[in-house]
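Spelled out from the first residue to the last, the chains are:
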Amino acid sequence: MKGLSVSKAVTALMLAGLVLLPLYSSLSGNIFILTLFTRIVILALAAASLNLIMGYGGMMSFGHAAYLGIGGYAVGILAQEGIGSGFVQFPVALAASALFALVIGALSLRTRGVYFIMITLAFAQMAYYVASGLARYGGDDGLTVYKRSDFSGLIDLSDRVQFYYLCLACLLGVIFLIWRIVNSRFGLVVQGLRSNEQRMQAIGFPAKRYQLVCFVISGTMCGLAGALLANNTDFVSPAVMYWTRSGDLMVMVILGGMGTLFGPVMGAVVYLLLEEFLSQITEYWALIMGPLLLLIVLFGRGGIMGVLGRVGRG
Amino acid sequence: MLLVVEQFLNGLQFGLLLFLLAAGLTLVFGIMDLVNLAHGSLYMMGAYFAATFAAWTGSFILGALMALGATLVLGIVLEVTALRHLYGRDHLDHVLATFGLILFFNEAVRLIWGPAGLALPLPAWLTVPVPILPGIHYPAYRLAIIVVALLVALLLYLGVMRTRIGMLIRAGASNREMIGALGINIKLLYTLVFGLGAALAGLAGLMQAPILTVQIGMGENILILAFVIIVIGGIGSIRGAFLAAIFVGMIDTLGRAFLPNLLRQVLSSTAASTAAPALSSMLIYLLMAIVLVVRPEGLFPANRR
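Since the model is a prediction, treat every value here as computed from it, not as a measurement.

Describing the overall build of chain B
Then, in step 1: Secondary structure assignment for chain B yields eleven helices and two strands.
Then, in step 2: When the helices and strands of chain B are listed from N to C terminus, the series reads α-α-α-α-β-β-α-α-α-α-α-α-α.
Then, in step 3: For chain B, whose C-alpha radius of gyration is 20 Å, the value lies close to the compact-globule estimate of 19 Å for 305 residues.
Then, in step 4: With the C-alpha coordinates of chain B rotated into their principal frame, the extents come out at 65 × 50 × 40 Å.
Then, in step 5: For chain B, the accessible area works out to roughly 12,700 Å², and carbon and sulfur atoms hold 70% of it.
Then, in step 6: For chain B, the distance from the average site of its 15 positive side-chain charges to the average site of its 10 negative ones is 9 Å.

The following block contains the structure:
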C-alpha cells in the first residue's frame, strides 16, 4: 500500500497548492500566475470530463473540444444578445452541450474502436465549421465577450480571485461527481462495458444506453468548462474546437493517468506548466515537448499516476 | 459547361492527391495497426524538401525526385527510431506519441525554414494550358498531377496484388505471427511499408506545393481528410481508399464551386455567401458520419480486399 500513498501524497500536495495559489499570488504580487492557473483549472475540468468516458468508459472521444466551444458560444451569443445573467447563460451552456452529446453520442456509439475516434472527430470538426460560418457572431475571427456572466452580486466573475475559486470549486465538484458516478452501480456497469461489452450485454444490460448516458454526462461537464473558459478569456472563437485542442485534452488525460480520479488534473497542470516553462526558455518549445510526449508514451505507462504508483512500490 | 468540366477535373485531381496520402495511411494502419497522426507531417516535409531542393538544383523535376528520396529516408528513420516501438500498443498511445511528433515537426520546420511560407515555382513547360476538349483548356500541371497519381495508383495496385513483396505485405496484414513464423523478416517488411507510405505522403505534398503555399501546419487539415477517407473506404483497404478519395475530392471541390450559387436560390445572397463555405467544409464530415452510421466498418472492409 506504500505505492498508493506516494500518489496520494502528491495529489494532496497539488490540491493544497491549487487552493493556496491566490494567497501566493497576492503576497508576491504575481498576477500572471493566477491567470495562468485559472486556465489550467478550467482545462483540468475539461480533461476530467473526458477521463470519465475515456478512462472509465473506454470511449475514446477525439472531439471533446467541441463542448468547450459549445459552452463558450452559449455564453458569448447570449451576452451578445443582451442576456448577461449567468443564471441563464450557464444552464443554457450545459443544456446545449448535453443535447449535442446526446445526438452525436447516439450516432457515434454505433461504431467502436478507431472508427469511434474518427466519427467523434468528424462531429467536432462539423461544429468547428458551423462556428466558422456564424457570421453574425464573428465567424472565423471569433466573438468577444464584453461582459462576464452576471450572477447578480452572488459572485463577481471579474474579480480574479473569486473567479479562480469558482473554477476550482467547479473542478472539485465535478471530480466529486465523477467519484460518486464511478462507484455507483451505474459507474460499475459502464466500467464493466469497457472491459467486456459482450459479456455485460449477455448478462442483460442495455450497453448502448448506459454508454450514451455516460457520454452525455461527460459532455455536459465539459460544456461547463467551456462556459468558464469563455468568461476567462472574454473571447470565444472556432479555434477552441479545432481538433488539435481535442488532442491537447487527450494528451492531458493520458499524461496524468487514464482512469484515475486526479490523473487528468495532474496531467493538465503538468502539460500546461511545461508548455509555459518551455516557452519561456525557448521560442521553439514544441521541439522539446514533442519528443517528450513520445518518451512518456514509450517509457511512462499509465501516465504520471502510474509512474508515481511504481515509484512508491520501489 | 467549361466551369463544370474544369471543376470536375479539379475534383478528380484533388481526390487523387488525397488518395496518395490515404494509401500510405491505410497501409500503415491496416498492416501495422498503427494510427499515425504524423503522416500529415511527412506530407509537409515532402513539400518543404521539394521547395528547397528545387531552389538548390534549379530544376523542378530533380528537386521533386530528391524530395521523394528524402521523405522515404525520413520515414524509414522515423520508423526505426520511434514508431517501431509502438506496434502492438494501444491506439491511444499511438495518438499521443504521433501528436508529439506533429509538434516536433512543425517546430523543426519553423526553426529551419522560418515561420514564413515557401513557394515552389513551376517550370515554364508545366504552366501552359492544354486543350483537352475542343474549346476547353486545362492547366498542364494539374493534368500532370492526375497522370502521375493514376500511374502511382496503378503501380501500387500491381505492386501489392502481383509481386512477391506485395504478397508478403498482404500476408502480414492478415496474420503477422504466421508470416513471422514462416521465416519472413517482418521488421524489415514493416520498415519498408512505412517508408513507402512516407514517400507517398511526400509525393502528395510536393505535387500540391506549387498549387498552394508551402507552410507550417499544411499537413494537418489534409491529414484529417485522409483519415476521413480511410474510414469511409474501410481501414486497410487500398481499393476503398481509392474510391473514397475520389468521392471526397469531388464532393469537396464541387461543393465549394457550386454550393454558393445553389444556396443563393433559396437564401438571400449575403446569407448564402457566409453559409456556403462552412457548409461545403462540413459536407465531407457529414458524408463520413452517414457512412459510419449506416456501415460502421466503412464501405469496403479490408477483409474483402
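From this point, the discussion proceeds with the structure in view.
A short note on the state of the cysteines
All names here are of chain A.
Then, in step 1: Evaluation of the coordinates by the stated rule reveals zero disulfides over all chains.
Then, in step 2: Cysteine 170 provides the cysteine sulfur closest to cysteine 167, a residue in no disulfide bond, and the two sulfurs are 6.4 Å apart.
Then, in step 3: Overall, cysteine 170 belongs to the buried group, its relative accessible area being 17%.

Brief notes about the environment of leucine 52 of chain A
Residues and elements named next belong to chain A.
Then, in step 1: Here leucine 52 shows up in helix α2 (residues 31-56).
Then, in step 2: For leucine 52, a relative accessible area of 2% gives the class buried.
Then, in step 3: Spatially, the C-alpha atom of leucine 52 lies 9.9 Å from that of valine 190, the residues being 138 residues apart in sequence.

Description of the environment of phenylalanine 247 of chain B
Then, in step 1: Its place among the elements puts phenylalanine 247 of chain B in helix α10 (residues 238-266).
Then, in step 2: Considered as a pair, phenylalanine 247 of chain B and phenylalanine 14 of chain B are 233 residues apart in the sequence and their alpha carbons are 10.0 Å apart.

Notes on a nonpolar patch on the surface
Residue and element names in this part refer to chain A.
Then, in step 1: Taken together, the side chains of Val19, Leu20, Leu23, Leu27, Val161 and Tyr165 define a hydrophobic patch exposed on the protein surface, amounting to about 560 Å² of accessible area.
Then, in step 2: Secondary-structure elements contributing two or more residues to the nonpolar patch are α1 (2-28) and α6 (160-182).
Then, in step 3: Here the element with the most residues in the nonpolar patch is α1; it accounts for four residues.
Then, in step 4: Considering the arrangement of structural elements, one finds valine 19 in helix α1.
Then, in step 5: Residue classification places valine 19 among the partly exposed positions, given a relative accessible area of 36%.

Structural notes on the packing of aromatic side chains
By convention here, two paired aromatic rings are described through the distance between centres and the angle between planes.
Then, in step 1: In the structure shown here, the tally under the stated rule is 22 aromatic pairs over all chains.
Then, in step 2: Taking the centre distance of 5.8 Å and the plane angle of 90° together, the rings of phenylalanine 205 of chain A and tyrosine 210 of chain A count as edge-to-face. There is no split in this pair, since phenylalanine 205 of chain A and tyrosine 210 of chain A are both buried.
Then, in step 3: Members of the aromatic cluster, each reached through a chain of ring pairs, are Phe62, Tyr128, Tyr129, Tyr242 and Trp243 of chain A together with Tyr285 of chain B.
Then, in step 4: The ring of phenylalanine 163 of chain A has arginine 148 of chain A lying over it, and the distance from NZ or CZ to the ring centre is 5.1 Å.

Side note on the interface of chain A and chain B
Then, in step 1: Counting from both sides, the interface comprises 42 residues of chain A and, opposite them, 43 residues of chain B.
Then, in step 2: When chain A packs against chain B, the two sides together hide about 4,000 Å² of surface, and 81% of this comes from carbon and sulfur.
Then, in step 3: Applying the counting rule to chain A against chain B returns zero salt bridges.
Then, in step 4: Here chain A and chain B share five residue pairs in polar contact (both at pLDDT 80 or more) between them.

Looking at the pairing of strand β1 (residues 129-133) of chain B
All names here are of chain B.
Then, in step 1: Alignment of β1 against strand β2 (residues 136-139), held across four bridges, turns out to be antiparallel. Each residue of the ladder has a partner; that of proline 131, found in β2, is histidine 137.
Then, in step 2: Hairpin connection between β1 and β2: a loop of two residues separates the two successive antiparallel strands, and glycine 135 in this loop has a positive phi of roughly 85°.

Considerations on the UniProt feature "transmembrane region" (unreviewed entry) in chain B
Residues and elements named next belong to chain B.
Then, in step 1: UniProt's entry tags residues 12-35, 64-83, 140-160, 188-211, 223-251 and 272-294 with the feature "transmembrane region" (unreviewed entry), counted in the numbering of this structure.
Then, in step 2: In residues 64-83, helix accounts for 90% and strand for 0%; the two terminal C-alpha atoms are 26 Å from one another.
Then, in step 3: Within the segment residues 140-160, helix and strand shares are 100% and 0% respectively, and the terminal C-alpha atoms sit 30 Å apart.

Quick notes on the confidence of the model for chain B
Then, in step 1: Of all residues in chain B, 99% attain a pLDDT of 70 or more, and the chain-wide mean is 86.
Then, in step 2: Per-element mean pLDDT across chain B ranges from 79 in helix α11 (residues 269-294) of chain B up to 94 in helix α3 (residues 60-81) of chain B.

Considerations on the packing of α6 of chain A against helix α9 (residues 207-233) of chain A
Residue and element names in this part refer to chain A.
Then, in step 1: In contact at an axis separation of 11 Å, α6 and α9 are set at 175° when each is read in the N-to-C sense. One finds that α6 runs roughly antiparallel with respect to α9. Between α6 and α9, the residues in contact are Phe163, Leu166, Cys167, Cys170, Val174, Leu177, Ile178 and Ile181 and Ile217, Met221, Leu224, Leu228, Asn231 and Asn232, respectively.
Then, in step 2: By residue class, the composition of the contact of α6 with α9 is twelve nonpolar, two polar and no charged.

Rules of the game
- Residues numbered from 1 in each chain as written.
- Chains lettered and ligands numbered in written order.
- Predicted model: local features only at pLDDT ≥ 70, side-chain atom pairs only at ≥ 80, totals over all residues.
- Heavy atoms only, no water.
- Helix = DSSP H or I, 4+ residues; strand = E, 2+ residues; numbered from the N terminus.
- Rg over C-alpha atoms; globule rule 2.2 N^0.38 Å.
- Areas by Shrake-Rupley, 256 points an atom, 1.4 Å probe, with all protein chains shown as cover.
- Lys, Arg positive; Asp, Glu negative; His and termini not counted.
- Charge placed at Lys NZ, Arg CZ, Asp CG, Glu CD.
- Disulfide = S-S within 2.5 Å.
- Buried < 20%, exposed > 50% of the residue type's maximum accessible area, 1.4 Å probe, protein only.
- Patch = residues over 30% accessible without salt bridge, like charges linked within 9 Å, V, L, I, M, F, W, Y side chains within 5 Å.
- Salt bridge = Lys/Arg side-chain N within 4 Å of Asp/Glu carboxyl O.
- Phe/Tyr/Trp six-rings, centres within 6.5 Å; stacked < 30°, edge-to-face > 60°.
- Lys NZ or Arg CZ within 6 Å of the ring centre and 35° of its normal.
- Contact = heavy atoms within 4.5 Å.
- Buried area = accessible area lost by both parts, 1.4 Å probe.
- Polar contact = N/O pair within 3.5 Å; in protein donor to acceptor, adjacent residues only side chain to side chain.
- Pairing = 2+ DSSP bridges.
- UniProt positions renumbered as here; feature names shortened; annotations may be inferred.
- pLDDT = per-residue confidence, 0-100.
- Axes fitted to C-alpha atoms, helices over the stretch in contact; angles between N-to-C directions.
- Parallel < 35°, antiparallel > 145°, perpendicular 65-115°, else oblique.
- Nonpolar A, V, L, I, M, F, W, Y, C, P; charged D, E, K, R; others polar.

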